[in-house]
Amino acid sequence: MQTKLSERARSLPRADEAESILRSCVHCGFCNATCPTYQVLGNELDGPRGRIYLIKQLLEGQEVTEKTQRHLDRCLTCRNCETTCPSGVTYHTLLDIGRAEIERRVPRPVAERALREGLRYVIPRPAIFNALLKAGRIAKPLLPRSLGKKIPHNTIAAKPRPIARHARRMLMLEGCVQRSISPNTNAAAARVLDRLGISIESAARAGCCGATDYHLDAQGVGLNRARRNIDAWWPAIEAGAEAIIQTASGCGAFVKEYGHLLRDDALYARKAERVSALAKDLVEVLAAEPLDDLPLPPDRKRIAFHCPCTLQHAQKLGGAVESTLTRLGFNLTDVPDSHLCCGSAGTYSITQPELATTLRDRKLDALESGKPMVIVTANIGCQTHLGGANRTRVRHWIELVEDALPLP
Ligand code: SF4
Ligand code: SF4
């Protein structure tokens, strides 16, 4: 596609990147076929090709309004379009550049700003998030039903973590909301890895991966969180940590981008590249291990796996959890349209509740069509969003593996 960036857009630090992505799009529209928002709304401007066109107009200096912003806001950043695109258009990078620019040109109403800033303040701070979660659970019966449904159920308490006793060491991103909503996920991962001869090291100063800030258009704050994590992990990396594990695929997708996003940072570029190279989703680590060492009894429990977009479209790991669970003897049901987003998409279920609920209900219908006893997934956002419907129970897949293991 031909482009002619405006003077203003030319001065943006990522102007060349935006221009090259715009030029790589041939406007064929294949991507619309797999775009969840296009499927629900049927409007060209709520599909990837239309959004690319809107960003082109924005960067060419044409007038933009709240309407343009709304079409970009409705994008889930699920990256299904990238998987479909035959021309390799890196749509999410263009969207990041476009969203940052529209944020500068179109002021948001006060209520929207307050919501977005509130989310950015609370989500990366586990102590505050946890306190609000506890208060919300107590007040749930008094809240309007629509709000009460957003508050996750009581959590499964974390089982004890094994002491670090193996020569093989890996770091694990502890994350932010997952610590409060599903504290057993990382504990279960540590217990399974311990059986495989791998110990988990913690890095006390590491925290939120930065994705929440970054995707709510506070990109500088998100990158500072990335720098802080790099500093926190660096001593263990230099001491030989083999990998940095993420049990939430949304965080993993972002940590794997640190290298690209900080490539022009003189102080952090080299370290960020190393961190991204070491970043592994939990399934990548397990899939490479001799799983016969796990004494799992034959399990015929029917389970449905929801593959998060951040696992299949961003990290390109579609099918990895399914084959690992099958190797371990679990009985997986077929899930139609498994490439489609569940509507969680970071904070999307809060900023775009109607679309998110429509997508969630469609996803649950698909997941439940094979009559599973439980649904498992690989991302805390999807787990909470799908579980919020109060239908089939939703857990992280590693908890099922850990539950099935006999006591050591
Ligand atoms: S993003 Fe890819 S699939 Fe979509 S219109 Fe452009 S070239 Fe075609
Ligand atoms: S990222 Fe997802 S919602 Fe956004 S345009 Fe691409 S397919 Fe559609």
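Fair warning: this is a prediction, and the values are worked out from it, not measured in the lab.

*Asks:* Summarise the overall build of the chain; cite the residues concerned and give the values.
*Replies:* The helix and strand inventory of the chain stands at 24 helices and eight strands. For 408 residues, the compact-globule estimate of 2.2 N^0.38 gives 22 Å, and the C-alpha radius of gyration of the chain, at 21 Å, lies within 12% of that figure. Counting only C-alpha atoms, the chain reaches 65 × 45 × 45 Å along its principal axes. Of all 408 residues assigned to the chain, the portion counted as buried reaches 56%. Partitioning the contacts of the chain with sequence separation of at least 6, the portion at a separation of at least 24 is 74%. On the chain, roughly 18,000 Å² of surface is accessible, and the fraction owed to carbon and sulfur atoms is 53%. Considering the chain, the positive charge centre built from 56 side chains and the negative charge centre built from 44 side chains are found 4 Å apart.

*Asks:* Residues and numbers for the sheet that holds strand 5 (residues 302-306), please.
*Replies:* Within the open sheet, the four strands sit side by side as 6-5-7-8. Their pairing is parallel. Each edge of the open sheet is held by one strand with a lone partner, namely strand 6 (331-332) and strand 8 (394-396). Looking at chain direction, strand 5 and strand 6 are connected through two bridges and run parallel. If you follow I303 over to strand 6, its bridge partner there is L332. Where helix 22 (residues 353-368) meets the sheet, it contacts strand 5 and strand 7 (374-377), and its direction lies at approximately 145 degrees from that of strand 5.

*Asks:* Would you mind going over the state of the cysteines in detail, with residue names and values included?
*Replies:* The full count for this structure, using the stated rule, is zero disulfides. Between C209, a free cysteine, and C251, which holds the nearest cysteine sulfur, the sulfur-to-sulfur gap is 4.2 Å. Assessed through its relative accessible area of 5%, C209 is described here as buried.

*Asks:* Could you give me a rundown of the packing of aromatic side chains, with the residues and numbers involved?
*Replies:* The tally for this structure, following the rule as stated, stands at two aromatic pairs. Both rings, one in Y214 and one in F254, keep their centres 5.3 Å apart while their planes meet at 50 degrees; by these two values the pair is tilted. With Y214 in helix 13 (residues 211-215) and F254 in helix 15 (residues 249-255), this residue pair connects regions lying 40 residues apart in the sequence. Here Y214 matches F254 in class, with each residue buried. The interplanar angle of 85 degrees and the centroid separation of 5.8 Å between the aromatic rings of F254 and Y258 together place this pair among those described as edge-to-face. Looking at F254, the relative accessible area reads 4%, which means it is buried. By the ring-pair criterion, three or more aromatic residues cluster together here, those being Y214, F254 and Y258. The cationic tip of R125 hangs over the ring face of Y121; the distance from NZ or CZ to the ring centre is 4.1 Å.

*Asks:* Tell me about the sheet that holds strand 3 (residues 244-246), and please be specific about residues and values.
*Replies:* The four strands lie next to each other as 2-1-3-4, forming an open sheet whose pairing is parallel. Whereas interior strands pair on both sides, the edge strands pair on one side only; in this sheet they are strand 2 (198-201) and strand 4 (279-281). Put simply, the sheet's adjacent strands are angled 40 degrees from each other on average, direction ignored. Packing against the sheet, helix 17 (residues 269-278) makes contact with strand 3 and strand 4, and its axis sits at approximately 25 degrees to strand 4.

*Asks:* Please give an account of the site of ligand 2 that cites residues and values.
*Replies:* In the vicinity of ligand 2 lie 13 residues, with C35, R51, C75, C78 and C81 positioned nearest. Mapped by element, the contributors of at least two residues to the shell around ligand 2 are helix 3 (36-41), helix 4 (48-59) and helix 6 (80-84). Taken together, the residues of the shell around ligand 2 break down into eight nonpolar, three polar and two charged.

Scoring rules and cut-offs
- Residues numbered from 1 in each chain as written.
- Chains lettered and ligands numbered in written order.
- Predicted model: local features only at pLDDT ≥ 70, side-chain atom pairs only at ≥ 80, totals over all residues.
- Heavy atoms only, no water.
- Helix = DSSP H or I, 4+ residues; strand = E, 2+ residues; numbered from the N terminus.
- Rg over C-alpha atoms; globule rule 2.2 N^0.38 Å.
- Buried < 20%, exposed > 50% of the residue type's maximum accessible area, 1.4 Å probe, protein only.
- Contact = heavy atoms within 4.5 Å.
- Areas by Shrake-Rupley, 256 points an atom, 1.4 Å probe, with all protein chains shown as cover.
- Lys, Arg positive; Asp, Glu negative; His and termini not counted.
- Charge placed at Lys NZ, Arg CZ, Asp CG, Glu CD.
- Pairing = 2+ DSSP bridges.
- Axes fitted to C-alpha atoms, helices over the stretch in contact; angles between N-to-C directions.
- Disulfide = S-S within 2.5 Å.
- Phe/Tyr/Trp six-rings, centres within 6.5 Å; stacked < 30°, edge-to-face > 60°.
- Lys NZ or Arg CZ within 6 Å of the ring centre and 35° of its normal.
- Near = heavy atom within 4 Å.
- Nonpolar A, V, L, I, M, F, W, Y, C, P; charged D, E, K, R; others polar.

In short, shape yes, function no, at least from these values alone.
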